[in-house]
Protein chains: 2
Amino acid sequence: MAGAGLAGSLLGVLLSRAGFKVSLYEARPDPRKVGYEEGRSINLALAERGLHALRQAGLEREVMAQAIMMRGRMVHVPGQTPQLQRYGLDDSEVIWSVHRGRLNLAMLDACEAAGANVHFGCAAFNFDEHNKRLRLRDRSGKERSAGYQVLVGADGAGSAIRAAMEMRIDLGEVVEPLGHGYRELEIPPGSNGEFQIEANALHIWPRGRYMCIALPNTERTFTVTLFLPNQGPHPSFATVNDGDKAEAFFAREFADAQPLIPDLGLHFDERPVGQLATLRLRRWHYGPHAVLIGDAAHAMVPFHGQGMNCAFEDCTALARQLQQHDDLEQAFSAFEAERLPNAKAIQDMALENYLEMRDRVDDADYILQRQLEQLLAKRHPGRFVPRYSMVSFTRVPYAVAQARGRVQREILIEATRGLDSIEQVDLTALDQRIRAELLPLD
Amino acid sequence: MAGAGLAGSLLGVLLSRAGFKVSLYEARPDPRKVGYEEGRSINLALAERGLHALRQAGLEREVMAQAIMMRGRMVHVPGQTPQLQRYGLDDSEVIWSVHRGRLNLAMLDACEAAGANVHFGCAAFNFDEHNKRLRLRDRSGKERSAGYQVLVGADGAGSAIRAAMEMRIDLGEVVEPLGHGYRELEIPPGSNGEFQIEANALHIWPRGRYMCIALPNTERTFTVTLFLPNQGPHPSFATVNDGDKAEAFFAREFADAQPLIPDLGLHFDERPVGQLATLRLRRWHYGPHAVLIGDAAHAMVPFHGQGMNCAFEDCTALARQLQQHDDLEQAFSAFEAERLPNAKAIQDMALENYLEMRDRVDDADYILQRQLEQLLAKRHPGRFVPRYSMVSFTRVPYAVAQARGRVQREILIEATRGLDSIEQVDLTALDQRIRAELLPLD
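It should be emphasised that the depicted structure is a prediction, and the values quoted were computed from it without experimental measurement. (Residues numbered from 1 in each chain as written. Chains lettered and ligands numbered in written order. Predicted model: local features only at pLDDT ≥ 70, side-chain atom pairs only at ≥ 80, totals over all residues. Heavy atoms only, no water.)

Here's the deal with the relation of the copies chain A and chain B
- Overlaying chain A with chain B gives an RMSD of 0.0 Å, the required rotation being 180° about an axis along which the chain moves by 0.0 Å. In symmetry terms, the pair is related by a two-fold rotation axis. Residue Arg139(A) of chain A places its C-alpha closer to the rotation axis than any other residue of that unit, at 2.7 Å.
- In this assembly, 98% of the residues forming the interface of chain A have copies in chain B that are likewise at the interface, indicating an isologous arrangement. (Least-squares fit on C-alpha atoms with pLDDT ≥ 70 in both. Contact = heavy atoms within 4.5 Å.)

See below:
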C-alpha cells in the first residue's frame, strides 16, 4: 500500500486483522521519530462514520481520550453575544476535535501491532503491473522495488499512484479549485492556562464572502483559520497581503477574536496561504492492478469536516469487498460502485457548507428554517433527520443524506416562506406532507 | 525555479546570463555526487532546435563531442538486409544520440558557472503567491521556504508546481495514455569492443502493432527499447509477461537482434515496464504567479525524439519574453501564446510517428511516397521540405511544420496513387501544384 497517513494506516489495521500480509510505504519520515509534520491542519472533526471505523479497528477508546467535544457552532456576529447553534438534539449528537498528528501516531502503532510493516522515507512513485512490483524511491534518491498482490493508493491528494494509473488509463480527473485560500493562526491558553473562549464548540465568524473559524485543542489552544478569496478588490489574500494589513483587518472584522491572537501580523507573514480544491475522478481503479482510497480518490474542501470520516468509510468498505471477492477487479469495482456516488455527494455537500458557514448562519430566514428543522426532527424521529445530522451522526450513505436533504430543504423553505416566527407554521399539514414524502430511515 | 533537469538547467543558464539572479530547487540529489538516476531513458535524440538552444548557452561544442550521429532509420525486416532510410538529403541533415545523464551534468556545471544557485535534495511542493515564497521539503522531510520574484515550474511530467497551480485555477489538464508500454534492454559491445550493429543509425524493427528500436551510446552499446501494447491477446506486456516468454518472443519476432542481447530474459524480468502518455493543458500560467515549461507543461510520447528539443525551445522563448516584458503576466501570456500551439503540434506529430515507425516504414506505398518526397525536396528546396526535416533540421514553428506537412502529404498520396514506381509520376504537373500550394519557407 502506498501511504501511511490516516486512511492507509486504518486500512492497514483492518486488512492485517483480516489475515492479509500488509506493507505500507510512506514518503515521509516516521512521525514518531521526527515529530509531526508542520503546515497541515492540526485538528480534525471526528464524527460517527469515523468513530465507527475506529471502533472496528479497536482504537475508539484511545482516540476519544484526547478528543474535545464540540456541541455546535458558536456564531460570532459583531455587537452580539456569541450564540451556540447546536449540531444535534443533545450531547449524544456532537462532533469531536482530534489532533491529526496524535491520531496518526496511535493508528501507526495499531497498524504495526496488527502485524503490518510500515516503511518510512520510502516514496512509491510508480508500479509495474506486469511484474507486480511497486517502484519506490528512498530519501537518498535510490530506487528499489517491492512485490505486491493488491495495490492500494492511499497517498493523499497529490497521489503518485494516481498519476501512475493516469499514465495507463483515463481516470477522468477534474480538479475544481475553490478560489479561496486559508491561513492558520492560534489563540493560546489564557494566563491561568484556561481556554480563552468556549471550549466545546466550533467557533465561526461569518462575514458573507469570507469567514474565520476556530477549533479547540487539548493544549487549551484554538487553531484559528481565516478563509478568504484569493483575488479580488473585496477582502482577499491579494488585498490583505501582509501582517500589518491583517492586524487592521482582524481589528475591524473580527474585533472579539483579534485581542486573543498575539503576534497576529507576525504569524500571518510567516505562514503560507493554503489552497482548497475538489478532486473528482470518474474511476478509482485500474483493472485488477490498483485502486485509490481517501484523498487520492476524492479530496474535498474541509467545510463539512468529513474528509477523514469519508476516507475511513472507504477503508471499511474496501476491506469488506476484498474479503468478499477473490477476483481483485470485482473487489475494486464493487468498492468503487459503492463509494464513488457517496464521495461525490459529500464533496458537493462540503462545498455547499462553505456558503452556509460564511454567509447563512447569521441570517434570519436560515435561523427560522433551522428552528423548524429541529422541531420537525423531534416530531418525526428517524424520518425527518436534518441533513447535517444524517452526515455527522449516522452512517446513512452520503448520497441518501444528500437526496433526503433536498426534499427536507424544500419542505423547510416552503413552510417558512413569508413567516416571522415558528408559531405561524401549520404543523398539521406539514406532518402529513413529511409522512407522504419521507420514508423512515433504515 | 523548480527542477534542475534539462529544461530547468538550460533556462538557468539563459536567465543568469541575462542578468537574473537564479535559484534552482531540485528534488533529486546532485547527480555529480550520486551518479545518474536509473530507470530513465539514457539516450536522447538531439536535433536542430535543441542544438540551437545549446549554441545560445555556449554548450554546443562540449555536448557534441560526446554525441553519436544518426543518419537515418535502419529498418530491420525479417529475411531482408537492414535498409538505411536517411532522415535528410546528406550528412548535414542528421540527428544526434546524446546521453541524458552526461548532458544534464554538463548543463548543471554551465548553470552554476553562469551564476545560478542549484539546491539539490530540495523538493518544491507548493508556493505562496501572496508572500512570494516557494515551499520546499528537504530529504529529511523538513519544510522551509525561499522567496522568489518569478516562479517557473520545470519539474517534469509529474510537476508539483503544476499540481499547486491546479489548486488555484483550472489548467484544463487532460492526460491521454498511449496504452502501450516499454521495456529497455541492452546490446553490449562486441568481443573487440566494437559496435555490433551500424553505429550511425537509429535501428527500427517495425512489426505493425509493436516495434523495437535501438540507439547507439558512446560506450559502443545500444539501448534497445521494446514497445508493446499493455493489454490484449496479440503480443502485449500482458502475454509476454516473463523472461522466458520474452526470449521466445524475441527469437521469433526480432531474430537478428535476439543473439546480440545477452541475458535478455533476466533483464526483461528485472526492469520495469514504463508507460507513455501525452499531457495536455489549456493554460500554462497562473496570472503573474507561476509558469510551466517542458514536460511539466506538455509531456509527450517519445516517437519524434523532440521532447527535449521542444523543452529547449520553451527555454529560449521564455527567457526572451522575460527580457521583453517587465509585467510578468504579460511575459507569461506571450510565452504561452507563442509556445502552446507549437507544443500541441509536436505532441500530435509524435503520436503519428509511432504509427509510422511501427507500421509504415516497411510498407511499399510509404516507401514510394518517401522516394517522391526526397525527389521533390531536391526540386523545390526551401519550399517542399519533408515534415520530418522541418521538425528536425529547422526551427520552423512546429504548428507550421504540421500544417505544411498536411498539404505535402496530400500531394504525395495523390501523386503516387496506383503507381508502382517513381518514374510514372507526372512531375511537371506536380511542380506547378507545389508552386501554387506551398509558399517558400522563411
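Quick notes on the interface of chain A and chain B
- Each side of the interface is counted separately: chain A has 40 residues, and chain B has 39 residues.
- A per-residue breakdown of the area chain A buries against chain B is headed by His130(A), Arg139(A) and Met167(A), which together make up 21% of the total.
- Salt-bridge contacts for Asp128(A) lead to Arg183(B); the nearest nitrogen and oxygen are separated by 3.5 Å.
- Viewed at the interface, chain B and chain A are joined by twelve residue pairs in polar contact (both at pLDDT 80 or more).
- Counting only elements with at least two residues in the side of chain A that touches chain B, the list comes to strand S9 (133-138), strand S12 (174-187), helix H8 (264-270) and strand S16 (274-280) of chain A.
- Looking at which element gives the most residues to the side of chain A that touches chain B, the answer is S12(A), with four residues. (Buried area = accessible area lost by both parts, 1.4 Å probe. Salt bridge = Lys/Arg side-chain N within 4 Å of Asp/Glu carboxyl O. Polar contact = N/O pair within 3.5 Å; in protein donor to acceptor, adjacent residues only side chain to side chain. Helix = DSSP H or I, 4+ residues; strand = E, 2+ residues; numbered from the N terminus.)

Some points on the nonpolar core
- Ranked by size, the top nonpolar core spans 73 residues in total, and within it Leu11(B), Phe127(B), Leu134(B), Ile293(B) and Leu318(B) carry the most contacts.
- The element that contributes the greatest number of residues to this core is helix H10 (residues 307-324) of chain B, accounting for eight residues.
- Setting aside anything within four residues of it in sequence, one finds Leu11(B) in contact with Met1(B), Val152(B), Ile293(B), Cys315(B), Leu318(B) and Ala319(B).
- The next biggest cluster of nonpolar side chains, apart from the first, holds 72 residues, and it includes Leu10(A), Ala164(A), Ile169(A) and Ala296(A). (Core = buried A, V, L, I, M, F, W, Y, C linked by side-chain atoms within 4.5 Å. Buried < 20%, exposed > 50% of the residue type's maximum accessible area, 1.4 Å probe, protein only.)

Quick look at the domain arrangement of chain A
Residue and element names in this part refer to chain A.
- Partitioning chain A into structural domains gives domain 1 (6-67 + 95-174 + 277-354), domain 2 (177-276) and domain 3 (363-437).
- Using C-alpha coordinates to define each centre, domain 1 is positioned 30 Å away from domain 2.
- Buried surface at the junction of domain 1 and domain 2, summed over both partners, amounts to about 1,300 Å²; 61% is from carbon and sulfur atoms.
- Contact with domain 2 buries surface across domain 1, with Asn43, Ala277 and Tyr354 losing the most and accounting together for 40% of the total.
- Counting across the domain 1 and domain 2 interface gives one salt bridge.
- Between Arg102 and Glu219 there is a salt bridge, and its shortest N-O distance comes to 3.0 Å.
- Joining domain 1 to domain 2, the criterion identifies seven residue pairs in polar contact (both at pLDDT 80 or more).
- Class assignment of the residues belonging to the side of domain 1 that touches domain 2 gives a composition of seven nonpolar, four polar and two charged. (Domains from an automatic or database assignment. Nonpolar A, V, L, I, M, F, W, Y, C, P; charged D, E, K, R; others polar.)

A short note on the pairing of S9(A)
Residue and element names in this part refer to chain A.
- Here six bridges tie strand S8 (residues 122-128) to S9, and the two strands are oriented antiparallel to one another. Considered in S9, the bridge of Asn126 is made with Arg135.
- The antiparallel pairing of S8 with S9 creates a hairpin that spans four residues between the two strands, and Lys132 there sits at a positive phi of about 50°.
- Turn length for the S9-strand S10 (residues 143-147) hairpin, with the two strands adjacent in sequence and antiparallel, is four residues, and the turn residue Gly141 shows positive phi of about 95°. (Pairing = 2+ DSSP bridges.)

Thoughts on the environment of Val174(B)
Residue and element names in this part refer to chain B.
- Tracing the backbone through its elements, the reader meets Val174 in strand S12 (residues 174-187).
- A relative accessible area of 43% places Val174 in the partly exposed class.
- As for Val174 and Arg282, which are separated by 108 residues in sequence, their C-alpha atoms are 8.8 Å apart.

Description of the packing of aromatic side chains
Residue and element names in this part refer to chain B.
- By the definition in use, this model includes 30 aromatic pairs over all chains.
- A centroid spacing of 4.9 Å and a plane angle of 65° characterise the contact between Phe227 and Phe303, whose relative ring orientation is edge-to-face. Of this pair, Phe227 sits in strand S15 (residues 222-229) while Phe303 is found in the loop between helix H9 (295-298) and H10, placing the two residues 76 residues apart along the sequence. Take Phe227 and Phe303: they sit in the same class, and that class is buried. (Phe/Tyr/Trp six-rings, centres within 6.5 Å; stacked < 30°, edge-to-face > 60°.)

Let's talk about the state of the cysteines
- If you walk through the whole model with that rule in mind, you get zero disulfides over all chains.
- Unpaired in terms of disulfides, Cys310(A) finds its nearest cysteine sulfur in Cys315(A), a separation of 9.9 Å.
- Judged by its relative accessible area of 0%, Cys310(A) falls in the buried class.
- Between Cys122(B), a free cysteine, and Cys111(B), which holds the nearest cysteine sulfur, the sulfur-to-sulfur gap is 15 Å. (Disulfide = S-S within 2.5 Å.)

Some words on the pattern of salt bridges
Residue and element names in this part refer to chain A.
- Applying the stated criterion to the full structure yields 58 salt bridges over all chains.
- The salt bridge involving Arg339 is made with Asp314; its shortest N-O contact spans 2.9 Å. With Arg339 in helix H11 (residues 328-360) and Asp314 in helix H10 (residues 307-324), the pair connects residues that are 25 residues apart, well separated along the chain. Each member of the pair Arg339 and Asp314 is classed as buried.
- Each of Asp30, Arg32, Asp109 and Glu112 takes part in one network of salt bridges that share partners.

Remarks on the environment of Pro397(B)
Residues and elements named next belong to chain B.
- Take Pro397: it is sitting in the loop between helix H13 (387-393) and helix H14 (398-416).
- Overall, the relative accessible area of 40% leaves Pro397 in the partly exposed class.
- Separated by 84 residues in the primary sequence, Pro397 and Glu313 have C-alpha atoms spaced 9.9 Å apart.
- Dropping the residues within four chain positions of it, Pro397 is found in contact with Arg49 and Asn342.

Points about the sheet that holds strand S17 (residues 285-286) of chain B
- Pairing within the open sheet is mixed, and its three strands lie in the order S11-S18-S17 (chain B). Edge positions in the sheet fall to strand S11 (152-153) and S17 of chain B, since each has one partner strand and no second.

With respect to H11(A)
Residue and element names in this part refer to chain A.
- The end-to-end C-alpha separation of H11 is 46 Å, in line with the 48 Å expected for 33 residues at 1.5 Å each.
- In H11, a bend of some 30° at Arg339 exceeds every other bend along the element, and Pro341, a proline, comes one to four places later.
- Among the residues of H11, the N-terminal cap falls to Asp327, whose side-chain oxygen and the backbone nitrogen of Glu329 are separated by 2.9 Å. (Expected span 1.5 Å × (residues − 1). Bend = angle between axes of the 7 residues up to and from the residue.)

Description of the pairing of strand S4 (residues 72-75) of chain A
All names here are of chain A.
- Judged from the four bridges that link them, S4 and strand S5 (residues 83-86) form a sheet pairing that is antiparallel. For Met74, the partnering residue across the bridge sits in S5 and is Leu84.
- In terms of strand pairing, S4 meets strand S13 (residues 202-206) through three bridges, oriented parallel. If you follow Arg73 over to S13, its bridge partner there is Leu202.

Quick look at helix H15 (residues 427-437) of chain B
Residue and element names in this part refer to chain B.
- Turning to H15, its buried residues are Leu430, Asp431 and Ile434. Along the long axis of H15, the arc covered by the buried residues comes to 100°, so they all point the same way. Opposite the buried face of H15, by more than 90 degrees, sit the exposed residues Thr428, Gln432 and Ala436.
- Buried positions along H15 lie against helix H12 (364-379) and H14. (Arc of directions from axis to C-beta.)

A few points about the side chain of Glu173(B)
Residues and elements named next belong to chain B.
- Here Glu173 is to be found in the loop between helix H6 (160-166) and S12.
- The exposure class assigned to Glu173 is buried, which follows from its relative accessible area of 18%.
- At a separation of 3.2 Å, a polar atom in the side chain of Glu173 contacts the side chain of Arg162.

A short note on the packing of helix H12 (residues 364-379) of chain A against helix H14 (residues 398-416) of chain A
All names here are of chain A.
- At a minimum axis separation of 10 Å, H12 and H14 run at an interaxial angle of 115°. Regarding H12 and H14, the two cross each other, and that crossing is right-handed. Between H12 and H14, the residues in contact are Leu368, Gln369, Leu372, Glu373 and Leu376 and Leu412, Ile413, Ala415 and Thr416, respectively.
- Tallied by class, residues from the contact of H12 with H14 come to six nonpolar, two polar and one charged. (Axes fitted to C-alpha atoms, helices over the stretch in contact; angles between N-to-C directions. Left-handed = near helix turned anticlockwise from the far one by under 90°.)

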